[in-house]
Amino acid sequence: MAKDRGVNWRFLLEWQTPTSAVLHVIKRVIYSGRTKYQEVDILDTYDFGLCLVLDGKIQSSSADEQVYHVALVHPAMLTHPKPSRVLIIGGGEGATLREVLKHNTVEKAVMVDLDDEVVQLCKKYLPEFHMNSFDDPRTEIIIEDGRRYVERLPDNSIDVAIIDVTDPLEGGPSYLLYTIEFYQLLAKKLGDGGVFVTQATSTYYSRNCFAAIYKTVASVFPVARTYHVFVPSYASEWGFVLGSKAADPLSLTSEEIERRMKERGVDNLKFYSPSIHHGIFALPSCLAQAFEAAKPVTDSSPVFMSA
Ligand code: SAM
């Protein structure tokens with residue numbers, strides 16, 4: 001049982017499954033409220049610093065958001081030979097946008113988020129996450145449902161798409177961005193060499209969800225790869241799924257990655273490097289069963305995280 005440490009604790013209990021949770025003791029509640037779409041908390045915690053929490057799930061923490069956002073963005077951006085038109089869906093805190101803009105090949109970065117209140121709160125309370133990426137002249141912020149926005153896009157109009165929406169929760173706003181129909185739509189909007197990546201939940205706590213997202217991407221894109229990184233504030237290895245219409249991230253040599261990073265002015269990343277690239281794509285064989293059993297996800301049979 002939790003020992004009484006003689007402090008008047010306030011804490012966030014983040015459920016990972018219906019029967020297990022992680023407890024974060026809170027130093028200070030910076031903001032707590034509900035928008036039209038989700039519960040929003042911005043907390044200062046003892047062990048992970050500032051945290052953005054949506055519907056009870058940590059989205060980012062100042063302690064390790066760079067691990068997550070660098071892992072989410074750079075493998076896909078470097079797999080594309082010359083990403084200039086980039087679409088980000090979700091990514092409310094602006095850290096995904098910050099990482100995309102590091103590539104000097106980028107001429108236009110459109111970030112679409114459903115919830116303007118979340119974006120405004122992050123702008124105000126989490127400047128260290130966005131680092132003024134919202135004000136970059138190449139940035140365009142669209143407040144709309146990401147899938148609806150993609151429906152309106154012309155075909156072949158994007159080089160790289162980064163889907164950084166919240167986990168697929170029952171009744172949540174993002175689960176229809178993890179389906180075959182959405183990926184087929186996105187594939188049409190991507191140019192011939194198009195690459196996309198999505199956050200794909202925990203490879204431990206929601207491994208079936210992770211495996212289902214992989215199977216769904218693999219049923220639409222000729223190249224589909226999974227990778228993972230450990231994100232301490234998520235208390236788990238976090239999964240990503242990359243889909244590509246041509247280039248395979250695994251065919252990139254370390255030398256080529258190095259060359260592309262140098263050429264684009266992408267350097268001193270806190271987490272990713274050419275030697276890390278191939279390592280993160282190596283998944284433990286214990287996931288093979290989940291991959292075997294997984295089925296592609298459709299609008300009529302969506303996948304949900306278990307908690
Ligand atoms: N990095 C986080 C993670 O690992 O889950 C996610 C980043 S961000 C906080 C998630 C964003 O997705 C939120 O700002 C939320 O408003 C947005 N979002 C959820 N559903 C969406 C949808 N259907 N269209 C566009 N944005 C959506």
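Residues numbered from 1 in each chain as written. Predicted model: local features only at pLDDT ≥ 70, side-chain atom pairs only at ≥ 80, totals over all residues. Heavy atoms only, no water.

Draft legend 1. Local environment of the site of the ligand. The ligand sits among 25 residues. The nearest are Gln 38, Asp 113, Asp 145, Gly 146 and Pro 173. Separating an oxygen atom of the ligand from a side-chain N or O atom of Tyr 68 is a distance of 3.0 Å. Interatomic distance of 2.8 Å between a backbone N/O atom of Gly 146 and a nitrogen atom of the ligand. When the ligand sits alone it has 590 Å² of accessible area, and the protein chains cover 99% of it. According to the grid-proximity analysis, the pocket containing the ligand is the largest cavity. Listed by contribution, the elements that provide at least two residues to the shell around the ligand are strand 4 (49–54) and strand 6 (85–90). The class makeup of the residues in the shell around the ligand is ten nonpolar, nine polar and six charged. (Near = heavy atom within 4 Å. Polar contact = N/O pair within 3.5 Å; in protein donor to acceptor, adjacent residues only side chain to side chain. Areas by Shrake-Rupley, 256 points an atom, 1.4 Å probe, with all protein chains shown as cover. 1 Å grid on protein atoms, 1.4 Å probe; cavity = no way out; pocket = protein on both sides within 12 Å on 5 of 7 lines; lining within 4 Å. Sits in = over half its atoms within 2 Å of the grid points. Helix = DSSP H or I, 4+ residues; strand = E, 2+ residues; numbered from the N terminus. Nonpolar A, V, L, I, M, F, W, Y, C, P; charged D, E, K, R; others polar.)

Draft legend 2. Representation of helix 6 (residues 180–189). Burial runs high along helix 6: seven of the ten residues are buried. For helix 6, the full list of buried residues reads Ile 180, Phe 182, Tyr 183, Leu 185, Leu 186, Ala 187 and Lys 189. Lining the buried residues of helix 6 we find strand 6, helix 5 (146–152), strand 9 (158–164), strand 10 (190–202) and helix 7 (207–218). (Buried < 20%, exposed > 50% of the residue type's maximum accessible area, 1.4 Å probe, protein only. Contact = heavy atoms within 4.5 Å.)

Draft legend 3. Spatial organisation of the domain arrangement of the protein. When its domains are assigned, the protein resolves into domain 1 (2–60) and domain 2 (65–293). A straight line from the C-alpha centre of domain 1 to that of domain 2 covers 25 Å. Counting residues at the interface gives 23 residues for domain 1 and 22 residues for domain 2. Between domain 1 and domain 2 lies a buried interface of about 2,100 Å² when both sides are counted; carbon and sulfur atoms form 69% of it. Of all residues in domain 1, Tyr 37, Leu 50 and Ser 60 bury the most surface against domain 2, accounting for 24% of the area lost on that side. The interface formed by domain 1 and domain 2 holds zero salt bridges in total. Linking domain 1 with domain 2 are four residue pairs in polar contact (both at pLDDT 80 or more), by the criterion used here. Of the residues forming the side of domain 1 that touches domain 2, the biggest block, six residues, is contributed by strand 2 (residues 20–34). (Domains from an automatic or database assignment. Buried area = accessible area lost by both parts, 1.4 Å probe. Salt bridge = Lys/Arg side-chain N within 4 Å of Asp/Glu carboxyl O.)

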